Amino acid sequence: MSNLKQILLLGTGPATIQLAVCLNKQLSCRLGIAGRASARSEQLYSALKQSNLMVRVSVQNDNHREMEGECPIDQLFEDFGTITGEWDTLILAVTTDAYIEVLQQMSRNVLKDVKCIVLISPTLGSNSLVNNYMKQFDIEVEIISFSTYFGDTRWIPESAHHHVLTTAVKKKNFAGSTRTASDNLEVLRQLFERSGIVLEQMATPIEAESRNISLYVHPALFMNEFSLDAIFGDSPIQKYVYKMYPEGPITQYLIRDMLAQWKEIMNMLDALRIKRLNLLQFMTDDNYPVRLESLSRDDIENFSRLETIHQEYLLYIRYTSLLIDPFSEPNEDGKYFDFSAVPFRNIFMNKEGELDIPRMPKEDYYRIKIIQGMMTYLGIPSPTIDKFLHTYEQKLVEAADFHQKLKRSNAFTIQSFNEDIQRICSEINKEMQEEF
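Residues numbered from 1 in each chain as written. Predicted model: local features only at pLDDT ≥ 70, side-chain atom pairs only at ≥ 80, totals over all residues. Heavy atoms only, no water.

1. Let's talk about the layout of surface pockets
Estimated volume of the second largest pocket: approximately 810 Å³. Together, 32 residues line the second largest pocket, and Asn 131, Thr 178, Pro 205, Glu 431 and Glu 434 are the ones closest to its centre. Contributing elements (two or more residues each) for the lining of the second largest pocket: helix 5 (126-134), strand 8 (142-146), helix 7 (205-209) and helix 16 (418-435). Here the element with the most residues in the lining of the second largest pocket is helix 16; it accounts for seven residues. Partitioned by chemical class, the residues of the lining of the second largest pocket number 12 nonpolar, seven polar and 13 charged. (1 Å grid on protein atoms, 1.4 Å probe; cavity = no way out; pocket = protein on both sides within 12 Å on 5 of 7 lines; lining within 4 Å. Points joined across faces, edges and corners; volume = space filled by probe spheres on them. Helix = DSSP H or I, 4+ residues; strand = E, 2+ residues; numbered from the N terminus. Nonpolar A, V, L, I, M, F, W, Y, C, P; charged D, E, K, R; others polar.)

The following block contains the structure:
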């Protein structure tokens, strides 16, 4: 029997609004939204009050019409500590590093009624983290992990904050539950299917969490000197995330590091008895495809068995093949859509008046730090991951020193995330002991 009857969405970003509309269109449920008290959240709260708690989603592509619409929110909480009532399902749509912080702010009486928690965009180990925290309430809570958020949803400039635009939707997503037979996950699978998204159920939550392409490409793309100079520096010349050097960071050395990091994480998956991931196949079949003239099916499917130099060569081909969208229509001059022209975002002043770091690489810092902690616990070497973190943390120190007269967010602080790592490793230890 499904618990998706009284659903509380935790988070005040665009994804929360898209989720609310999807749930309202396809489920008969009571919906609430809760967030933290902040200048950024206040914009949503104000817009919701003016719209009588109505939220609205528009779509950019006609193929995604199932995602658009509007719906009422039954209850709004402007601070996690003010949440009251009975909620059988919590959907965490906050940043991964905030999961425990958010749950700690909520009343124990509210948490004791929860039957299911859904993690919309977790990282490797997030399910274990939340599971460890919820065990203190001595209740049976199902925890579902998605591999990642299912689309690209953003605020509409010059529009009220209760109205968002979804510009892209994934064709496929992955999910795993702490329950082998999950009615809740089956309901979500059907919901996604009606929206045109295949939701593939994995054997375990951590296996679903391992199917996030950001884990394998973002550290290499963002945690290098070229990219960090583009993010933290003040050069007037725009640089791009997915372009080749000197327009972007991609070189043979970056590709070498990307491949090496994938192999390190695969060693960890082996230790955790999780099915390995063919990186090139995952990139092309589950994320962005390229033409077979560029990469053959034989190369894609046998990627994991090839020699290192051959793997590096194929990854390099993959990124050069996506400098333009190979499936777009050329204009009269023969120019295809400039697919790789994704600009690096610079450090900026946030709504609280603090100097802040863009979501990429700020969120990636937490993700890779957690992975490093897990690998250390398992006794698995991680030289490439260590290198990424050293480069990034060195830049944090330099930037904090350079901007010492400005008020800065805590993103400029080197962090250990030890408490989260200890919770995750505690659960890993229990699971490994149960197997023997």
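2. Observations concerning the packing of aromatic side chains
Aromatic ring pairs: the centre-centre distance and the angle between the two ring planes describe each pair. In total, this model carries 15 aromatic pairs according to the counting rule given. Measuring from ring centre to ring centre gives 6.2 Å for Phe 77 and Trp 87, while their planes differ by 85°; the resulting arrangement is edge-to-face. Placement of Phe 77 in strand 5 (residues 75-77) and of Trp 87 in the loop between strand 5 and strand 6 (89-92) is noted, with a sequence separation of 10 residues between them. Trp 87 carries the same exposure label as Phe 77, and that label is buried. Relative to Phe 192, the ring of Phe 146 has its centre 5.3 Å away and its plane inclined at 55°; by these criteria the two rings are tilted. Of this pair, Phe 146 sits in strand 8 while Phe 192 sits in helix 6 (residues 183-194); the two residues are 46 residues apart in sequence, bridging distant segments of the chain. No difference in accessibility class separates Phe 146 from Phe 192, as the two residues are buried. (Phe/Tyr/Trp six-rings, centres within 6.5 Å; stacked < 30°, edge-to-face > 60°. Buried < 20%, exposed > 50% of the residue type's maximum accessible area, 1.4 Å probe, protein only.)

3. What to know about the domain arrangement of the protein
One frequent convention defines the size of an interface as the accessible area lost when the parts assemble. The domain architecture assigned to the protein consists of domain 1 (6-210) and domain 2 (213-434). On the side of domain 2, 28 residues touch domain 1, which itself brings 26 residues to the contact. Buried surface at the junction of domain 1 and domain 2, both sides included, amounts to about 2100 Å², of which 57% is carbon and sulfur. On the domain 1 side of the contact with domain 2, Leu 124, Asn 132 and Ser 210 bury the most area, a combined 25% of that side's loss. The tally of links between domain 1 and domain 2 comes to two salt bridges. Our enumeration of links across domain 1 and domain 2 arrives at five residue pairs in polar contact (both at pLDDT 80 or more). Taken together, the elements giving at least two residues each to the side of domain 1 that touches domain 2 come down to helix 2 (39-50), helix 3 (99-105), helix 5, strand 11 (172-177) and helix 7. Taken together, the residues of the side of domain 1 that touches domain 2 sort by class into seven nonpolar, 12 polar and seven charged. (Domains from an automatic or database assignment. Contact = heavy atoms within 4.5 Å. Buried area = accessible area lost by both parts, 1.4 Å probe. Salt bridge = Lys/Arg side-chain N within 4 Å of Asp/Glu carboxyl O. Polar contact = N/O pair within 3.5 Å; in protein donor to acceptor, adjacent residues only side chain to side chain.)

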